[in-house]
Structure formats: C-alpha cells, structure tokens
Amino acid sequence: MTSECFVYIALPGETEFVTAGRFQRTLDRHGVATGRFVYGKNYLGRENAVPIDPLELKLGTKTYATGLLNGVFGALRDASPDHWGRRVIERHFGSPGPDEMDYLLHSPDDRAGALGFGLNKEPPAPKRKFNRTLDLAKLQEFVDAIIADEELPTGTDAEQAQELMLEGTSMGGARPKAVVEDNGALWIAKFNRPDDKWNQAKVERAMLELARTCGLQTAESKLTTIGDRDALLVKRFDRQGTKTGYRRARMLSALTLLRSEDTHQNRSKWSYVLLAEEIRRISSQPKVDAPELFMRMCFNALITNNDDHPRNHAVIAMDEEWRLSPAYDLIPAMPISVEERFLALSCGDEGRLASASNLLSQCARFLIKPDEAEDVINNMERTVKDQWYAICRREGVTEKDCETIKPAFAYEGFRLPVAAAQAAN
Ligand SMILES: Nc1ncnc2c1ncn2[C@@H]1O[C@H](COP(=O)(O)OP(=O)(O)O)[C@@H](O)[C@H]1O
Ligand SMILES: [Mg+2]
C-alpha cells in the first residue's frame, strides 16, 4: 500500500508556501513502512531554495529513503502532531483510525516549523484565521472533555470551538494545548489538567524564569486565567509576525538530529554529548550553542527535569542559519530518590546520572574548558538553591505546591561521588 503527499515550505523571508517536494510512504506485506522523499525540479531551480534538513535531506535530485519512525523522515515527523494532537485528531477521525499520512495531512497550518503538507501539487493559500486569546474558555471546555473521554460539547458554538481546537493539534507534546494569537504574535496556550499534581502553568512559568535567571536563553512566556483556571502562554519562536503574515522558521527536534526514535531500543542514541556534536555540525554559532546546551543539561539536573527527552530540544532556522532554539518545557519531576537521579539523555561517562561529576566528565565536547564548566555548575547550583522558592512564589505558585516540588531542587546526591551514590541506593 502506498500513499503520498506534497511537502510545502515557507522559504526564509517569505510568508507563503512553495512546493518543496514529494513524500511517499509504502507499507509492505508485513506492515513494514518505507518513506521516500524527492525534491521537486522547480524547487531545486529556485535561487533561495533551502534544505528541509541540512544534514539528512540535502538539496539534490536523489530520492531519499528511510525505514525509521514508521517511514516518516524526522524532519517531517517533527512537523506532525504528537501525543496530544494525535488524540484530538483521532477523536475527530472516528473509525478506522488515522495512519501516519493522515496525521500529516490532518494537522493544520500552524504546525511547528516551516513545512506544510497537502495532496495538491500547488500549495494552498495560508490561512489567516487564528484562535484569539479570547477563545481560550471554549478551548478549555474541549480539553476537559477530551481528557475525561466524555462526549464533546455540541452546537454551533461547539463546532466552531472544535475547529479551533484542531488548529492547535499540530504542535507536539503530550499536554493539552492550542495556538492563539495575541498582540500580533502567536503563542502556545498550555492548559492545566484536572489530574495535575500541582499548578503546572505557574510552575512551568516559574521554571522558565528561574532558567533565565541562571543565564539560559528561554522562550518568552506569560500566565493567563480562563475563568478560575490558569494557563501558560509560551511565545512561538518559530514564527515572526510581518504585515503580510507570519514568517516561519524551519525546526528540527533533537530526536531527528540524533537519528533516533521514541522507542526504548533507541535510547542508546539519546545523549547530550552526541547532541552537542550534532549541534556543532548544524549550528552557525557552535561556540555559543554547544555551551548553552551544557547549561541546559545542568539546569535540568538541578531542577530534576527528567522529561528532558529529545523532543524537548530543537534547532531552528528563521533564515539560512541554524541555531539552538530557546529552551522550553522545563518542569520539575516528583523525585523518587534523594541520592541518585537520572536525566532522559545520557550526559557523561556515567550515562544518565544527574550528578555534578558526571556532567563535568565530557565538558570538552560542549566546547567548555573544565574550570569554566565547574564555574557554570557552581553558580547555577547556588542560583537554583537560593532563588527557586522566591521565583515560584513571585509567579503565584502556592506554598503547598512549593512544598511538593521542593525536593526537586539542587538535590543532595548532585554532589555525591558516583560510587557513593551507587552505594547509597
Ligand atoms: N515557544 C515555542 N515555539 C515554537 N515551538 C514550540 C515552542 N514551545 C514548544 N514548541 C514545540 O511544541 C512542542 C510541544 O511543546 P511542549 O512545551 O514541549 O509541550 P508538552 O509539555 O506537551 O511536551 C515541542 O516539542 C516543540 O516542538
Ligand atoms: Mg514537550
């Protein structure tokens, strides 16, 4: 069985799509998927053509093939919906459920990055209609119904809200979200869930602020309320408003850069050290971006963010040049152990162990000298210890929630030598 679609791209400086190439996905008799991609001749003839993925899909007439990610090239998969968006599309689709191609085709125009997909050789005109922040209350109703697996609200208003909800599905991630327009910019609205253990919107906002205080480049954010509920608005760094519409940055996740998958078999490729090497290859400013990645790794260790998986790191290119994206999705986890904690990606000689000595062990690969790396860690540890509480309270995190998340910060085992940490467990 073969299905295919055209891949569109908004070129640097442009707000409208052009056709970049054709993507084909074939399932053999055993259900094994192969994806193929070829750039269009007209596209290759453009002076300003850019590759969709400068490492894996270089400009040229070659037909590329992949068996990874269920036959969908990482660069395309990064533009298609993730857990949350897939769930919304499945609800919309009914039975039989959507396949990989359907997810690509049914995710709307506002997807992450600069790509679009469709069945026509010519791209559609860009949609100019976006959710307004005013629509958030309607969207929250849908979020609640989807989470509770309840009947979706009905009526004309509800149909309109469902349309609006679908608009937000193309952004990745597992938490409920929608894309809204506010003040001439696009924002990702991240909703709280009834089953959250603490006020996620406020805590995430506080972590972005704490990260910024530690010197990290972070996505811009602000809190908003919908009725009596909080939501976090995170400004999209892959969009830039202009008079004629939005410019779009190309975007690749670390999962794509590491040529990896979400599965456990692939976790050996999940590594900050390998990611640093890929960032040194792709970034136009490796001496800035590799150390910045080092700082993010240290920050995640110091706030026990073990949801730092490869879809929570990305590179973007608003123009020709690729850079590490601002940091996003920074959340402390409910820690299990005092002595020993692990990140999602390997960070040094001792694998995923989130300890100072392990973080330091491969610092040269992040283009930082050992004494500088030690300073980074010492300063950051002090800032996290001294400021997490004040910043959380300033952002409205309750005393009770602070008490719950307290063990996440600058934990004891961070300074234990590896052998001691292992013996203590
Ligand atoms: N500020 C942003 N600008 C552009 N894309 C973003 C931004 N923040 C997140 N994304 C993209 O949206 C996805 C989901 O956002 P994320 O904050 O990770 O949500 P979740 O908490 O559900 O994982 C990310 O994996 C990333 O691809
Ligand atoms: Mg995420």
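Scoring rules and cut-offs
Residues numbered from 1 in each chain as written. Chains lettered and ligands numbered in written order. Predicted model: local features only at pLDDT ≥ 70, side-chain atom pairs only at ≥ 80, totals over all residues. Heavy atoms only, no water. Helix = DSSP H or I, 4+ residues; strand = E, 2+ residues; numbered from the N terminus. Buried < 20%, exposed > 50% of the residue type's maximum accessible area, 1.4 Å probe, protein only. Contact = heavy atoms within 4.5 Å. Areas by Shrake-Rupley, 256 points an atom, 1.4 Å probe, with all protein chains shown as cover. Donors = N, O, S within 2.8 Å, 3.2 Å for Na, K, Ca; no water. Pairing = 2+ DSSP bridges. Phe/Tyr/Trp six-rings, centres within 6.5 Å; stacked < 30°, edge-to-face > 60°. Lys NZ or Arg CZ within 6 Å of the ring centre and 35° of its normal. Salt bridge = Lys/Arg side-chain N within 4 Å of Asp/Glu carboxyl O. Axes fitted to C-alpha atoms, helices over the stretch in contact; angles between N-to-C directions. Parallel < 35°, antiparallel > 145°, perpendicular 65-115°, else oblique. Left-handed = near helix turned anticlockwise from the far one by under 90°. Nonpolar A, V, L, I, M, F, W, Y, C, P; charged D, E, K, R; others polar. Patch = residues over 30% accessible without salt bridge, like charges linked within 9 Å, V, L, I, M, F, W, Y side chains within 5 Å. Lys, Arg positive; Asp, Glu negative; His and termini not counted. Charge placed at Lys NZ, Arg CZ, Asp CG, Glu CD. Disulfide = S-S within 2.5 Å. Core = buried A, V, L, I, M, F, W, Y, C linked by side-chain atoms within 4.5 Å.

## Topic: the overall build of the chain
Looking only at helices and strands, one finds 14 helices and 15 strands in the chain. A burial count over the chain gives 57% of its 425 residues as buried. Partitioning the intrachain contacts of the chain with sequence separation of at least 6 by distance along the chain shows that 67% fall at a separation of at least 24. Total accessible area computed for the chain in this model is approximately 18700 Å², and 48% of it derives from carbon and sulfur atoms.

## As for the coordination of the magnesium ion (ligand 2)
In this structure, N312 (OD1) and D329 (OD) serve as the protein donors to the magnesium ion (ligand 2), at separations of 2.1 to 2.2 Å. Of the two residues, N312 sits in the loop between α10 (286-302) and β14 (314-317) while D329 sits in the loop between β15 (323-324) and α11 (356-360), which places them 17 residues apart along the sequence. With relative accessibility at 14%, the residue D329 sits in the buried group.

## As for helix α3 (residues 83-93)
Inspection of α3 places W84, G85, R86, V88 and I89 among the buried residues, and these make up the whole buried set. In the stretch just after α3, G94 is the one whose phi turns positive, near 70°.

## Observations concerning the environment of F93
Position of F93 among the secondary structure elements: in helix α3. Here F93 falls in the partly exposed class, since its relative accessible area comes to 28%. Measuring from C-alpha to C-alpha, the distance between F93 and H106 comes to 9.3 Å, with 13 residues separating the pair along the chain.

## A few points about the sheet that holds β15
Sheet architecture is open: three strands sit in the order β13-β14-β15, paired in antiparallel fashion. The open sheet is flanked by β13 (250-253) and β15, the only strands paired with a single partner. Where β14 meets β15, two bridges bridge the pair, whose relative direction is antiparallel. Within β15, the residue paired with V315 across the bridge is L324.

## Brief notes about the packing of aromatic side chains
Taken as a whole and judged by the stated rule, the model has ten aromatic pairs. For the pair F37 and F73, a centre-to-centre distance of 6.5 Å together with 70° between the ring planes defines the contact as edge-to-face. In this pair, F37 is assigned in strand β3 (residues 33-39) and F73 in the loop between β4 (64-66) and α2 (74-77), connecting sequence segments 36 residues apart. One exposure class covers both F37 and F73, and it is buried. Positioned above the aromatic ring of W187, the side-chain terminus of K222 is 4.4 Å from the ring centre.

## Overview of the pattern of salt bridges
Per the stated rule, a full pass over the model turns up 25 salt bridges. Among the ionic pairs, D195 bridges to R193, the shortest N-O distance being 3.0 Å. Between R393 and E399 there is a salt bridge, with its nearest N and O atoms 3.5 Å apart. On the accessibility criterion, R393 (37% relative accessible area) is partly exposed.

## Description of the pairing of β3
Among the seven residues in β3, five count as buried, and that is most of the element. By the bridge criterion, seven bridges tie strand β2 (residues 17-27) to β3 in an arrangement that is antiparallel. Residue pairing in the sheet places R22 in a bridge with V38 of β3. The sheet contact formed by β3 and β4 spans three bridges and is antiparallel. By the bridge assignment, R36 is partnered in β4 with A65.

## What to know about the pairing of strand β12 (residues 245-248)
Where strand β11 (residues 239-242) lies against β12, four bridges are found, and the strand directions are antiparallel. Bridge pairing links Q240 to R247 in β12. Between β11 and β12, which pair antiparallel one after the other, the connecting turn spans two residues.

## Remarks on the side chain of R236
Relative to the assigned elements, R236 resides in the loop between β10 (229-235) and β11. A residue is classified by how much of its surface remains accessible, and R236, at 4% relative accessible area, is buried.

## Regarding the packing of helix α7 (residues 200-213) against helix α12 (residues 370-394)
Put simply, α7 and α12 touch, their axes get as near as 9 Å, and they point 140° apart. The angle between the axes of α7 and α12 places the two elements in the oblique class. As for how α7 packs across α12, the hand of that crossing is right-handed. Residue-level inspection shows A206, M207, E209, L210 and T213 of α7 in contact with α12, the latter providing T383, V384, Q387, W388, I391, C392 and R394. When its residues are assigned to classes, the contact of α7 with α12 shows seven nonpolar, three polar and two charged.

## A look at a negative patch on the surface
Among the surface-exposed residues, D371, E372, E374 and D375 lie close enough to one another that they form a single negatively charged patch. Looking at the secondary structure, you find D375 in helix α12.

## Quick look at the environment of D78
Summarising the element assignment, D78 is placed in the loop between α2 and α3. Of the residues examined, D78 reaches a relative accessible area of 15% and is grouped as buried. The spacing of D78 and S253 is 175 residues in sequence and 6.3 Å in space, taken between C-alpha atoms.

## A word on the state of the cysteines
All told, the structure shown has zero disulfides when counted by the stated rule. The thiol sulfur of C298 is not disulfide-bonded, and the nearest other cysteine sulfur, from C347, lies at 8.5 Å.

## With respect to the nonpolar core
One finds I9, F23, I52, F299 and V384 to be the most contacted residues of the largest nonpolar core, which totals 100 residues. Among the elements that take part in this core, α10 stands out by supplying eight residues, more than any other. If sequence neighbours within four positions are ignored, I52 has contacts with V7, I9, A20, F37, Y39, L57, A75, L115, L252 and W322.

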